[in-house]
Amino acid sequence: MEALASLAGMAGAAFAAATLLPAQSEAVFVGLLAAKSVDPLALFLTASLANAAGSVLNWWLGRLVARRGVEALPARLRPDPARLGQAQGWFARFGWPSLLLAWLPIVGDPLTFVAGTLHYPLPRFALLVLLGKAGRYAALWAGWASLG
């Protein structure tokens, strides 16, 4: 039961960290690795999938904005139109490889939103984002393992 609660906590933290809301999941991931309360592979898979799912929410919000305008979002989530235009230009310039960097702080979450506004295909989006997010958690796991 403790392992299930740990995985649920990891899923919540990872999902929230991938949305446009300010949150972090790395400390939860490393803390649970250190606590040894859950299988590390299960933790890695949970974190990677939940973090990618949060990015899919951003993509969906971007699609909503593309269809209905920024007014479709709550006021606190509305992007500045000028900054949104800049981000769309950046994504158009660098294209799909940039989605592998969706795990980066500050730019990663808005990047996934912008991909939605530009109608980037969801299956390719999900695969690329999952690869990047899983790579980040794999690096954290490897770094933690090398210390022990």
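Keep in mind the model is a prediction, meaning the values are calculated, not measured.

**Topic: the packing of aromatic side chains**
So, step 1. Under the defined criterion, the tally for this structure stands at 5 aromatic pairs.
So, step 2. Seen from their ring centres, F44 and W141 are 5.7 Å apart, and the 35° between their planes marks the pair as tilted. Residue F44 is located in helix α3 (residues 40-68), and its partner W141 is located in helix α6 (residues 122-147); the two are separated by 97 residues in the primary sequence.
So, step 3. For F44, a relative accessible area of 15% gives the class buried.
So, step 4. Above the plane of the ring of Y120 lies R124, whose end atom (NZ or CZ) is 5.6 Å from the centre.

**Here's the deal with the side chain of R63**
So, step 1. Structurally, the position occupied by R63 is in helix α3.
So, step 2. When sequence neighbours within four positions are dropped, the list of residues in contact with R63 reads G116, T117 and H119.

Conventions we followed
- Residues numbered from 1 in each chain as written.
- Predicted model: local features only at pLDDT ≥ 70, side-chain atom pairs only at ≥ 80, totals over all residues.
- Heavy atoms only, no water.
- Phe/Tyr/Trp six-rings, centres within 6.5 Å; stacked < 30°, edge-to-face > 60°.
- Helix = DSSP H or I, 4+ residues; strand = E, 2+ residues; numbered from the N terminus.
- Buried < 20%, exposed > 50% of the residue type's maximum accessible area, 1.4 Å probe, protein only.
- Lys NZ or Arg CZ within 6 Å of the ring centre and 35° of its normal.
- Contact = heavy atoms within 4.5 Å.

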